[in-house]
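Take a look at the letters that make up each chain.
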Amino acid sequence: MNQAQYATQGDIAVITMDNPPVNGLGHALRTGIVEGVRRAQYDPAIKAIVLTGAGKAFSGGADIREFNTPKALAEPNLLTVIRTLEQCAKPVVAAIHSVAMGGGLELAMGCHFRVAAPGAQIALPEVKLGIIPGAGGTQRLPRLVPLEMAVNMIVSGNPVKSEKFKGTRLFDEIVEGDLLAGAVAFARKVVAEGRGLPKVRDLAIEHDDAEAFLQFARNTAKTVAKNFPAPARCIDAIAAALGPSFDAGLARERAIFLEMVQTPESRALRHAFFGERAASKIPDVPEDTPTRPIASAAVVGAGTMGGGIAMNFANAGIPVKVLEAKQEALDKGLATIRANYESTAKKGRMSAEDVEKRMALITPTLRYEDIAQADIVIEAVFEDMAVKESVFRRLDQVMKPGAILATNTSTLDVNRIAAFTGRPQDVIGTHFFSPANVMKLLEIVRGEKTAKDVLATTMQLSKKLRKTGVLSGVCDGFIGNRMIEQYLRQALYMLEEGATPQQIDRAIEKFGFAMGPFRMSDLAGNDVGWYIRKRRYVEHPDLKYPRIADRLCEQGRFGQKTGAGWYRYLPGKREALPDPAVDELIAAYRKESGVAPRKLSDDEIVHRLVFALVNEGARILEEGIALRASDIDMIYLTGYGFPPWRGGPMLYADMVGLYNVVNRMADFAAGSHGDAAFWQPAPLLAKLAAEGKGFNG
Ligand code: 3HC
Ligand code: NAI
């Protein structure tokens, strides 16, 4: 099908890009545009051309899926298309609505004139994909808008509404009402007035001291985005626009673009872009599955998690009732919520009026009857099956038919919880991460009997709550915590072998993790891991488990909340300070277990931690607990502080090469303290490595 529809309105040709969902400029569309322009050129009845987009965008830019494939560069490439428009002997008017981004905006800037509907989102977002605009964006935008504005847009990638460009040369007109009619009328006017074929390339960049400004911007970009090369490279390309030759600037931009497309950072960011969108798709739950309306919610338990979950609903404008067992706990929970909002207000990030508006959406109660009409209830009581049982039996009695019954359990079996009710099809896991009002991740746990519309509704709800929803099957720890347990096991092994908590944290933080395992455990509470380990000792007595953390817990060093854990903390402060008492504890443990400490390199530390995640991730993928490798990566990027420029553990493994991963694991197994069982590659990992494939194809 021709993706560029060609039509005429009297003496005006209208070319409509039609490549749903966002008119990505793939090879077929590019070909269609060029053909349309030629047709209009050779038709003597045509005086001018209007270029616009069907559906929900003018154009979302280059087709990202074509990157690094021959199609991306196949002629006509985007530069050729833009040159065709620019050199067309008849005026070309871009008619922009909804979205003009990246290559879409570059295309428009190649036209002789541009008109836009108000409210259209205008951006050069390439930097968010780790690249730079590659089809003239860095050369033409500074000629159309003030240099500062151009730099800001290109380096941030953020959209600006079309009406904000008033007073610049980007748009010749903002068309209120029917855009196409306005654009056609504008094209006729241009012809009638003989306004010629103005080209953006002929305009000059106006700035008193552009070099100095760009140097300042470059320094800032390097400091702010130190792990991402693209922002500073955007400025290098803009600087090339100041040279005497437009074409030399264009060539420089193209060279940088081609270099950036190959960077691992760009691959990681593109992976996350598609990963985020893929995560909301569940193969056996079609996109048109009807959803249940969620106009009201309830949360049971107003502790750490319940309070944060309630805030999510209030933030989304959904009234929420909070139920507690005791008045005292209820008062405390509500007071914490208020204190959270007030602290945000104090930082100037919300108004006092908003605090009251949000609080007004949260209603405390002690009576189940008060929550019976809620469309969804999320249970966040103690992590104890008996308590969960009593809550779910009660919910089953009172909740209206069709209400979704969700549990925030982090370790318990969602199927067992569902079986406490007579409506297991309505039960689902919604595993929020702490602090629940801040963290973006929501693991959505599918029980054996969870209904499809419950899944679709919960996935949709995750978007309303501004979370990244990722589906997990039922297993101990679900995806994220099941993997982190293996990572923590390795961290403890390495402590026993000779490393310090500081060295391990420092190494993995240098790799890019937001927080190393020991600082993280101190934050989450060392008692949580202790509780899980004690369970493991009983369930899997044969499993080798480092016992060093138990010693710490036996001393009551639970982390920040007790003022001491793997580090010590000054009262009211969060800074992790090294503690000689911990060094002594570790030294005593090694002596007792006859371990001669050795020096571990940062490289060994990082790869033992990350490959522990990868191996467990492979098992999770093979068991079908995760639907796709990118889901695992989204969990680690949004919930566990994995460095975004590395794309998540599974993509990182792909980039290292699975063959190399497996070899390295064999080295770890053979090391002096090697745990061969731990480093046995998951069958899927071994298979893919042998086939020379990756988790992501
Ligand atoms: N290429 C290919 N597919 C794209 C795309 C693109 N540029 N932009 C969006 N899509 C796809 C998405 O993957 C998604 O596909 P799916 O339905 O199969 O999951 C679908 O379009 C809808 O996307 P969203 O869910 O994001 O829809 P929204 O309506 O919320 O947002 C949007 C639309 C604002 C266009 C948003 O998708 C977006 O920001 N896209 C990225 C735009 C971008 O980065 N463009 C620059 C591309 S690079 C470039 O142009 C290089 C050039 O300089 C040479
Ligand atoms: P918490 O101890 O802070 O809060 C639990 C609250 O539930 C308390 O306020 C308690 O009074 C209330 N409660 C207990 N029994 C109740 C009952 N029968 N009816 C009504 N209220 C009752 O616990 P937290 O940390 O908020 O955990 C709650 C759930 O969330 C647990 O299942 C936990 O595993 C899970 N979770 C916890 C995370 C965390 O980081 N704390 C992260 C993700 C999940």
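Small disclaimer: the values here were computed from a predicted structure and weren't measured.

Draft legend 1. Representation of the overall build of the protein. On a plain count of helices and strands, the protein comes out with 28 helices and 17 strands. A globule of 697 residues ought to have a C-alpha radius of gyration of about 26 Å, and the protein, at 29 Å, matches this closely. The C-alpha extent of the protein, read off along each of the three principal axes, is 90 × 60 × 50 Å. Taking all 697 residues of the protein together, the buried fraction comes to 55%. Accessible surface for the protein amounts to roughly 29,400 Å². Of this, 54% is attributable to carbon and sulfur atoms. Within the protein, one finds 85 positive and 80 negative side-chain charges whose respective centroids are separated by 1 Å.

Draft legend 2. Local environment of the site of ligand 1. The environment of ligand 1 is made up of 26 residues, and the closest members are Gly103, Glu106, Glu126, Arg277 and Lys281. With respect to ligand 1, the backbone of Gly60 contributes an N or O atom lying 2.8 Å from a nitrogen atom. Between an oxygen atom of ligand 1 and a side-chain N or O atom of Arg65, the distance comes to 3.3 Å. Against a free-state accessible area of 980 Å², the protein chains account for coverage of 76% of ligand 1. Contributions of two or more residues to the shell around ligand 1 are made by α4 (103-110) and α11 (264-279). The biggest single contributor to the shell around ligand 1 is α11, with three residues. Its residues placed into classes, the shell around ligand 1 shows 14 nonpolar, five polar and seven charged.

Draft legend 3. The environment of Leu495, seen in detail. Mapping Leu495 onto the fold places it in helix α18 (residues 478-497). The exposure class assigned to Leu495 is buried, which follows from its relative accessible area of 0%. Taking the C-alpha atoms as reference points, Leu495 and Pro597, separated by 102 residues in sequence, lie 9.1 Å from one another. Once you skip the residues sitting within four places of it in the chain, Leu495 turns out to touch Thr500, Pro501, Ile504, Phe518, Ile548, Trp566, Ile586 and Arg590.

Draft legend 4. The arrangement of the site of ligand 2 in detail. Around ligand 2, 22 residues are found, and the nearest of them are Met305, Glu324, Glu383, Lys388 and Ser410. In the environment of ligand 2, an oxygen atom lies 2.5 Å from a nitrogen or oxygen atom belonging to the side chain of Glu383. Residue Lys388 places a side-chain N or O atom 2.6 Å away from an oxygen atom belonging to ligand 2. For the shell around ligand 2, the residue count by class is eleven nonpolar, eight polar and three charged.

Draft legend 5. Here's a closer look at the environment of Val610. Its place among the elements puts Val610 in helix α24 (residues 602-622). Along the chain, Val610 and Glu126 lie 484 residues apart, while their C-alpha atoms are 29 Å from each other. Among residues more than four places away in sequence, those in contact with Val610 are Ile508, Phe511, Phe513, Phe642 and Tyr652.

Draft legend 6. The sheet that holds strand β17 (residues 468-472), seen in detail. Strands sit in the order β12-β11-β10-β13-β14-β15-β16-β17 across an open sheet of eight strands; the sheet is mixed. Every other strand in the sheet has two partners, leaving β12 (362-365) and β17 as the edge strands with one partner each. For this sheet, the mean inter-axis angle between neighbouring strands, taken without regard to orientation, is 25 degrees. As paired elements, strand β14 (residues 404-407) and strand β15 (residues 427-432) share three bridges and run parallel to each other. Bridging from a neighbouring strand, Thr407 pairs with Gly429 of β15. Against the sheet, α18 contacts β15, β16 (441-445) and β17, and its axis sits at roughly 105 degrees relative to β16.

Draft legend 7. Spatial organisation of the packing of α18 against helix α25 (residues 629-639). It is the contact of α18 with α25, at a shortest axis distance of 10 Å, that shows an interaxial angle of 75 degrees. Between α18 and α25, the angle is such that the two are roughly perpendicular. On α25, the residues that touch Ile479, Gly480, Met483 and Ile484 of α18 are Ile632, Ile635 and Tyr636. Here the residues of the contact of α18 with α25 are counted per class, giving six nonpolar, one polar and no charged.

Draft legend 8. Examining the side chain of Arg270 more closely. The residue Arg270 is located in helix α11 in this model. No salt bridge is formed by the buried Arg270; the nearest opposite charge belongs to Glu265, separated by 9.2 Å. There is a polar contact of 2.9 Å between the side chain of Arg270 and the backbone oxygen of Val261. With near-sequence residues (within four places) excluded, Arg270 lies in contact with Ile64, Phe67, Asn68, Leu129 and Val261.

Draft legend 9. Summary view of the pairing of strand β6 (residues 113-116). Neither face of β6 is left uncovered, since the one carrying Phe113 and Val115 and the one carrying Arg114 and Ala116 both have all their residues buried. Note: strand β4 (residues 92-96) against β6, four bridges, orientation parallel. In the sheet register, Ala95 faces β6, and the bridge partner there is Val115. In the sheet, β6 pairs with strand β9 (residues 173-174) via two bridges, with the strands oriented parallel. In the sheet register, Ala116 faces β9, and the bridge partner there is Ile174.

Draft legend 10. Focus on helix α28 (residues 683-691). Restricting attention to buried positions, one finds in α28 the residues Leu684, Leu685, Leu688 and Ala689. Seen from one end, α28 has its buried residues packed into an arc of 130 degrees, which puts them on one side. Exposed residues lying more than 90 degrees from the buried face of α28 are Pro683 and Ala690. On its buried face, α28 is in contact with α24 and α27 (658-670). Note on α28: the residue one or two positions beyond its end, Gly692, has a positive phi of about 70 degrees.

Definitions and cut-offs
Note that residues are indexed from 1 along each chain, following the sequence as it is written. All chains are assigned letters beginning with A, and all ligands numbers beginning with 1, in the order in which they are written. In keeping with the predicted nature of the model, local features appear solely for residues at pLDDT of at least 70, side-chain atom pairs appear and are counted solely at 80 or more, and the whole-chain, interface and lining totals rest on all residues. With hydrogens and water excluded, all non-hydrogen atoms of the structure serve as input to the side-chain values. Helix numbering and strand numbering both begin at the N terminus, where a helix is a DSSP run of H or I of at least 4 residues and a strand a DSSP run of E of at least 2. For this measure, only C-alpha atoms enter the radius of gyration; the expected value for a globule follows 2.2 Å times N^0.38, where N is the number of residues. With a 1.4 Å probe rolled over the protein chains alone, any residue whose accessible area is under 20% of its type maximum counts as buried; one over 50% counts as exposed, and the rest are partly exposed. In these tables, accessible area is a Shrake-Rupley quantity obtained with a 1.4 Å probe, and a residue counts as shielded only by the protein chains included in the view. When charges are counted, Lys and Arg are positive and Asp and Glu negative, with His and the chain ends excluded. To locate a charge, take NZ of a lysine, CZ of an arginine, CG of an aspartate or CD of a glutamate. Near residues are defined by distance, with any heavy atom within 4 Å of the molecule or strand qualifying the residue. Whenever a nitrogen or oxygen atom comes within 3.5 Å of another N or O atom, the pair is scored as a polar contact, on the condition that within protein one atom can donate a hydrogen and the other can accept it, and that pairs from neighbouring residues in sequence are kept only if both atoms are in side chains. Ten residues, namely Ala, Val, Leu, Ile, Met, Phe, Trp, Tyr, Cys and Pro, are considered nonpolar, four, namely Asp, Glu, Lys and Arg, are considered charged, and the remaining ones, Gly among them, are considered polar. Residue contacts follow a heavy-atom distance rule, with two residues in contact if any of their heavy atoms lie within 4.5 Å. A pair of strands is considered paired only if DSSP assigns at least 2 bridges between the two. Fitting a line to C-alpha atoms yields each axis, with helices limited to the stretch in contact; the angle taken between N-to-C directions then spans 0 to 180 degrees. Note on terminology: angles under 35 degrees are roughly parallel, angles over 145 are roughly antiparallel, angles of 65 to 115 are roughly perpendicular, and the others are oblique. The salt bridge definition used is simple: a Lys or Arg side-chain nitrogen within 4 Å of an Asp or Glu carboxyl oxygen. Here, the arc refers to the directions that run from the helix axis to the C-beta atoms.

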